[in-house]
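# Breakdown of the fold
The chain contents come next:
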Amino acid sequence: NQYFLSAMLPGDSRPVSCRVTAETSRVLRADLQWGEIDLKPGEDVVLKVKNYMGPKKYNLLASVGGHLEQAVDYGMLEPICRFLLWMLFYLQGFVGNWGIAIILLTLIIKLALVPLTNKSFKSSNQMKALKPEMDELNIKYKNDPQEKQKAIMALYKQKGVNPLGGCLPMLLQMPIWFALFSMLRGSPELYRAPFFGWITDLSAADPYFVTPLVMGALMFVQQKMMPMGGDNMQAKMMLYIMPVMFTVMMIFLPSGLTLYILVNTVLSIAHQWILKKMDERPVAVPVRHHSGKR
């Protein structure tokens, strides 16, 4: 099933086949079948079988043999899942808590994405600077959406602004979120692994919805801090719809994934605050001294 496996492997080199039959709509039966063996009078034969019954832990299954590790299915994002799981194992070995290991993993990923996040904030500030001109275009072409769109794209090109630049870190993190979801859902190492307090199973949803609600509120704060430019309706949609959408999703998804996004949001808010303070610093202007005769 999702976390556990029962398997039989042929223990010698004799030819063997596997026959699978459906006993009921939800129960499959698998049989190992050897071919006919000719025995002389008084002769006997030993057919060896290796049995495994236990959790679908990747390293353990790989040590058993027979490619049993392939029973752990992470889907298309398997390489990312394996890497994240390896990092979690490494971190958990230091801290002894899977929840804290997820927090440290979030910090490492966030630090790796700092250059892209800086570009995202720069792009958002550029979009904000274009807002007065965008408002003029909205008024000028309010009855002609196609011409307005052409004028907006021409403005972006003239100013060298990428309207999708602010979404780049989010797009890059989506595969990580999906991979982390698959890993939490399919790894028995995290099955019923406690974090603290009411979170006793990081592979299950938060039973009291605390982390999803806190995450949604912080995402709203993060969106408020983002420099908004361009279309006002689009900005409002990002401000309200995204936090609500993520909150609803996280209510039903593993609390370990919610913890990752929650910590990532906190780090993003801190990052945005630091960049904002750096932008607000006064710039020292060199004073030139002139000398001359009167």
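This write-up is about the structure you can find in this document. (Residues numbered from 1 in each chain as written. Predicted model: local features only at pLDDT ≥ 70, side-chain atom pairs only at ≥ 80, totals over all residues. Heavy atoms only, no water.)

A count of helices and strands for the chain gives 10 helices and 4 strands. Written out in order from the N terminus, the α and β elements of the chain read β-β-β-β-α-α-α-α-α-α-α-α-α-α. Every one of the 294 residues in the chain was classed for burial, and the buried ones make up 34%. A separation threshold of at least 6 residues defines the contact pool for the chain, and within that pool the share at least 24 residues apart is 64%. Summed over its atoms, the accessible surface of the chain is roughly 19,200 Å², and 62% of this surface lies on carbon and sulfur atoms. (Helix = DSSP H or I, 4+ residues; strand = E, 2+ residues; numbered from the N terminus. Buried < 20%, exposed > 50% of the residue type's maximum accessible area, 1.4 Å probe, protein only. Contact = heavy atoms within 4.5 Å. Areas by Shrake-Rupley, 256 points an atom, 1.4 Å probe, with all protein chains shown as cover.)

Time to look at the packing of helix H5 (residues 131-140) against helix H6 (residues 145-159). H6 packs onto H5 with a crossing angle of 160° between their chain directions and a minimal axis gap of 9 Å. In this view, H5 runs roughly antiparallel relative to H6, as classed from their interaxial angle. Crossing of H5 over H6 shows right-handed handedness. Here Glu133, Met134, Leu137 and Asn138 of H5 come into contact with H6, specifically with Lys148, Ala151, Ile152, Leu155, Tyr156 and Lys159. (Axes fitted to C-alpha atoms, helices over the stretch in contact; angles between N-to-C directions. Parallel < 35°, antiparallel > 145°, perpendicular 65-115°, else oblique. Left-handed = near helix turned anticlockwise from the far one by under 90°.)

This part is about helix H8 (residues 210-225). Spanning 16 residues, H8 covers 23 Å between terminal C-alpha atoms, matching the ideal 22 Å at 1.5 Å per step. Buried within H8 we find Thr211, Pro212, Met215, Gly216, Met219, Gln222 and Gln223. The arc enclosing the buried residues of H8, seen along the axis, measures out at 135°, which places them on a common side. Projecting away from the buried face of H8 at angles above 90 degrees are the exposed residues Leu213 and Lys224. (Expected span 1.5 Å × (residues − 1). Arc of directions from axis to C-beta.)

Here helix H3 (residues 98-112) is 15 residues long and its end C-alpha atoms lie 21 Å apart, about the 21 Å a rise of 1.5 Å per residue gives. Of the residues making up H3, those classed as buried are Trp98, Gly99, Ala101, Ile102, Leu105, Thr106, Ile109 and Lys110. Sitting at the amino-terminal end of H3 is Asn97, which places a side-chain oxygen 2.8 Å from the backbone nitrogen of Gly99. (Polar contact = N/O pair within 3.5 Å; in protein donor to acceptor, adjacent residues only side chain to side chain.)

All right, on to the environment of Met250 then. Among the structural elements, Met250 can be located in helix H9 (residues 232-252). Of the residues examined, Met250 reaches a relative accessible area of 3% and is grouped as buried. Between the C-alpha atoms of Met250 and Phe209, which are 41 residues apart in sequence, the distance is 8.5 Å. The contact partners of Met250, leaving out residues within four places of it in the chain, are Pro212, Met215, Leu257, Thr258 and Ile261.

Let's shift gears to the packing of aromatic side chains. Per the stated rule, a full pass over the model turns up 8 aromatic pairs. Here the aromatic rings of Phe4 and Tyr191 are separated by 6.0 Å at their centres, their planes lie at 85°, and the arrangement is edge-to-face. Of this pair, Phe4 sits in strand E1 (residues 4-10) while Tyr191 sits in the loop between helix H7 (168-186) and H8, placing them 187 residues apart in sequence. Plain terms: the ring middles of Phe89 and Trp98 are 5.6 Å apart, the flat faces sit at 65° to each other, and that makes the pair edge-to-face. Given a relative accessible area of 29%, Phe89 falls into the partly exposed group. (Phe/Tyr/Trp six-rings, centres within 6.5 Å; stacked < 30°, edge-to-face > 60°.)

We now examine the pairing of E1. Side chains of E1 alternate between two faces, with Leu5, Ala7 and Leu9 buried and Phe4, Ser6, Met8 and Pro10 left unburied. Looking at chain direction, E1 and strand E4 (residues 49-55) are connected through 7 bridges and run antiparallel. Paired with Leu5 across the bridge in E4 is Gly54. (Pairing = 2+ DSSP bridges.)

What follows deals with the pairing of strand E2 (residues 16-22). Pairing of E2 with strand E3 (residues 28-34), which is carried by 7 bridges, proceeds in the antiparallel orientation. The residue bridging Val20 from the neighbouring strand is Ala30, located in E3. Here E2 folds back onto E3 in antiparallel fashion, the turn holding 5 residues.

Here we take up a nonpolar patch on the surface. Taken together, the side chains of Phe83, Trp86, Tyr90, Phe94, Val95, Ile100, Leu104, Leu107 and Leu111 present a nonpolar region at the surface, about 920 Å² in accessible area. Among the elements of the structure, helix H2 (78-95) and H3 are those that each provide at least two residues to the nonpolar patch. As for its placement among the helices and strands, Leu104 is situated in helix H3. Relative accessible area serves as the criterion here: at 31%, Leu104 is assigned to the partly exposed category. (Patch = residues over 30% accessible without salt bridge, like charges linked within 9 Å, V, L, I, M, F, W, Y side chains within 5 Å. Salt bridge = Lys/Arg side-chain N within 4 Å of Asp/Glu carboxyl O.)

Attention shifts here to the pattern of salt bridges. A complete count under the given rule lists 3 salt bridges for this structure. Its salt-bridge partner being Glu23, residue Arg29 comes within 3.8 Å of it at the nearest N-O pair. A salt bridge links Glu78 to Arg82; the shortest N-O distance between them is 2.8 Å. Taken together, the residues span about one helical turn, with Glu78 and Arg82 both in helix H2 at a distance of 4 residues.

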